[in-house]
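Fold and contact review
Residue-level listing of the chains:
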Amino acid sequence: MTLKLPDLPYAYDALAPYMSAETLQFHHDKHHQAYVDNGNKLLAGSKYEGKSLEDICKEAFADKNAGIVNNVGQHYNHLHFWQWMKKGGGGKKLPAKLEKLADGYGGFDKLRADFINAGVTQFGSGWAWLVLKDGKLEVTKTPNGENPLMHGAKPLLGCDVWEHSYYIDYRNARPKYLEAWFDNLVNWEHVEKMMG
Ligand code: MN3
């Protein structure tokens, strides 16, 4: 498959003040574009050509192909990251299907605290995740361009904790970014959609 940079599903300034237009311009136009370009170079003529994005993530991880894992993984992660945010997102009300699972996890507040903690404690670049594994919710974290598909889980929500995602708006305050992101930007409808 050929990777393609999607348009943002909202205007660059739609997520302010929690994520600025400047951050989105750099993050979407420069960083995501670079993953697309590098990913396409690495995929061309490789055994992964013609496979689905999800399968490429899993197989490249099993093959320990770091270039594909990181660039194609980041393409998958960012495709969803843009959709995991919306203007007027966040809040405490989960879609019904998800609320049931969250109750089994220990409730919304525990889920929120664990997710933020996963992002805060991811050493260096990476992602915090809410995943579905064996029918249950789990909170995890991954380094660099890895994602839960590579670890046998289904990603439902992911927050990018690479510095390029928050340094313009929050400088080094990663915890503040994660709290603002979770409370004000999360598009829970996309999370529900990921449940399939
Ligand atoms: Mn990023």
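Described below are features of the structure shown in this document. (Residues numbered from 1 in each chain as written. Predicted model: local features only at pLDDT ≥ 70, side-chain atom pairs only at ≥ 80, totals over all residues. Heavy atoms only, no water.)

1. Overview of the environment of Phe 61
How we decide: Helix numbers and strand numbers start at the N terminus; a helix is a DSSP run of H or I with at least 4 residues, a strand a run of E with at least 2. Each residue is placed in one exposure class: buried if its accessible area under a 1.4 Å probe, protein chains only, is under 20% of its type's maximum, exposed if it is over 50%, and partly exposed if it falls in between. Two residues qualify as a contact provided that any one of their heavy atoms is within 4.5 Å of a heavy atom in the partner residue.
Here Phe 61 is to be found in helix α2 (residues 53–62). With relative accessibility at 27%, the residue Phe 61 sits in the partly exposed group. Separated by 10 residues in the primary sequence, Phe 61 and Asn 71 have C-alpha atoms spaced 12 Å apart. With residues near it in sequence (within four places) discarded, Phe 61 still touches Val 69, Glu 146, Met 150 and His 151.

2. What to know about the environment of Ser 165
For clarity, the threshold we go by: The definition of a polar contact used here is a pair of N or O atoms within 3.5 Å, where within protein one atom must be able to donate a hydrogen and the other to accept one, and adjacent residues in sequence count solely through side-chain atom pairs.
Take Ser 165: it is sitting in the loop between β3 (154–160) and α6 (167–170). Since its relative accessible area comes to 1%, Ser 165 is described here as buried. Along the primary structure Ser 165 and Phe 26 are separated by 139 residues, whereas in three dimensions their C-alpha atoms are 8.9 Å apart. If sequence neighbours within four positions are ignored, Ser 165 has contacts with Met 19, Thr 23, His 27, Phe 81, Asp 160 and Tyr 177. Separated by 2.8 Å, the side chains of Ser 165 and Tyr 177 make a polar contact.

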